[in-house]
Amino acid sequence: MVGTLVYQLTRGLKDDDLKKGGYDAYFVDHTTGVYPASASGVPWTAAGMASKGDVLTDLHENLAAEQKARTTYDNILRLSDDPDVSDVIKFLRAREIVHYQRFGEGLRLAQERLGQKNIYAVNPSFNA
């Protein structure tokens, strides 16, 4: 969504606007296409996604990811003077908070059930 927002803000820029705004290097590589990257220009990669296959570890990782995203949105809001941009970012920030709450509930439920015996209708590890 943030990439789409950036596209909407930049699609009509003139050459002088690109240079003045420091957007020219990005434009050379990607025109105004959506190219997921950090604010410092590091491209998004799946290598940043962490999954261990352990419910507690993975839920803690999810909680941390939601908090990092919320912090990023807080930082964008500090810099934004465009009400339309801020409204989108506020929506995304609220969504991160809800995700954090749900992952927290999942973590609590998982911790409560750690000592319970697993009962399956079908054993998922059996390869028939």
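To keep things clear, this report deals only with the structure shown in the data block. (Residues numbered from 1 in each chain as written. Predicted model: local features only at pLDDT ≥ 70, side-chain atom pairs only at ≥ 80, totals over all residues. Heavy atoms only, no water.)

Some remarks on the nonpolar core
Heads up, the condition is: In this text, buried Ala, Val, Leu, Ile, Met, Phe, Trp, Tyr and Cys residues form a nonpolar core when linked through side-chain atoms within 4.5 Å. Each residue is assigned to one of three classes by its accessible area relative to the maximum for its type, calculated with a 1.4 Å probe on protein chains only: buried under 20%, partly exposed between the two thresholds, exposed over 50%. Every helix listed is a DSSP run of H or I at least four residues long, and every strand listed is a run of E at least two residues long, numbered separately from the N terminus.
With six residues, the main nonpolar core is built from Leu-5, Ala-69, Tyr-73, Val-85, Ile-89 and Leu-92. Elements that contribute at least two residues to this core include exactly α4 (55-79) and α5 (83-112). Element by element, the count of residues in this core is highest for α5, at three residues.

A closer look at the side chain of Asp-58
The test is simple: Asp and Glu are treated as the negative residues and Lys and Arg as the positive ones, with His and the ends of the chain left uncounted. Salt-bridge detection follows one rule: a side-chain nitrogen of Lys or Arg within 4 Å of a carboxyl oxygen of Asp or Glu.
Mapped onto the secondary structure, Asp-58 falls in helix α4. Buried charge without a salt bridge: Asp-58, with Lys-52 as the nearest opposite-charge side chain at an N-O distance of 8.0 Å.

Section: the packing of α4 against α5
Here is the rule we go by: Angular values range over 0 to 180 degrees, each being the angle between N-to-C directions of two axes fitted as lines to C-alpha atoms, with helices fitted over their stretch in contact. For this classification, under 35 degrees means roughly parallel, over 145 means roughly antiparallel, 65 to 115 means roughly perpendicular, and everything else is oblique. Crossings are sorted by hand: turned counterclockwise from the far helix by less than a right angle, the near helix makes the crossing left-handed, and turned clockwise it makes it right-handed. Three classes are used, and their members are as follows: Ala, Val, Leu, Ile, Met, Phe, Trp, Tyr, Cys and Pro are nonpolar, Asp, Glu, Lys and Arg are charged, and the others, Gly among them, are polar.
Where α4 meets α5, the closest approach of the two axes is 9 Å, and the angle between their N-to-C directions is 160 degrees. In this view, α4 runs roughly antiparallel relative to α5, as classed from their interaxial angle. As α4 runs across α5, the sense of the crossing is left-handed. For the contact of α4 with α5, the per-class residue count stands at 15 nonpolar, eight polar and six charged.

Some words on the pattern of salt bridges
Tallied over the entire structure, the rule returns five salt bridges. Of the charged contacts, one joins Asp-74 and Arg-93 as a salt bridge, the two residues approaching to 2.3 Å between their closest N and O atoms. Here Asp-74 is found in helix α4, whereas its partner Arg-93 is found in helix α5, with 19 residues between them in sequence. The shortest N-O distance in the salt bridge between Arg-102 and Glu-105 comes to 2.7 Å. Residue Arg-102 and its partner Glu-105 are located together in helix α5, separated by three residues, close to a single helical turn. The network of salt bridges with shared partners includes Arg-70, Asp-74 and Arg-93.

Here we look at the packing of helix α1 (residues 2-10) against α5
Here is the rule we go by: Any two residues whose heavy atoms approach within 4.5 Å are treated as being in contact.
Where α1 contacts α5, the two axes come as close as 11 Å, and the packing angle between them is 175 degrees. By the angle class used here, α1 and α5 are roughly antiparallel. Of α5, the residues touching α1 (which contributes Val-2, Leu-5 and Leu-9) are Val-85, Val-88, Ile-89 and Leu-92. Considering only residue class, the contact of α1 with α5 consists of seven nonpolar, no polar and no charged.

Overview of the layout of surface pockets
One way to see where empty space is left: roll a probe the size of a water molecule over the atoms. Quick note on the threshold: The way it works is a 1 Å grid over only the protein atoms, where trapped points that fit a 1.4 Å probe form a cavity and open points with protein on both sides within 12 Å along at least five of seven lines form a pocket, and then any residue with an atom within 4 Å of a point lines it. Grid points are joined across faces, edges and corners, and a volume is the space filled by probe spheres set on the points.
The space that makes up the largest pocket amounts to roughly 1800 Å³. In this structure, the largest pocket is lined by 45 residues; those nearest its centre are Val-2, Ala-37, Ser-38, Ala-39 and Thr-72. Contributions of two or more residues to the lining of the largest pocket are made by α1, α3 (24-30), α4 and α5. Among the elements that make up the lining of the largest pocket, the one with the highest residue count is α4 (nine residues). Of the residues assigned to the lining of the largest pocket, the class counts are 26 nonpolar, 13 polar and six charged. In this structure, the second largest pocket spans a volume of roughly 180 Å³. Along its surface, the second largest pocket is lined by Val-6, Leu-9, Thr-10, Leu-13, Asp-17, Gly-21, Gly-22 and Tyr-23. Here the lining of the second largest pocket gets three residues from one element, more than from any other, and that element is α1.

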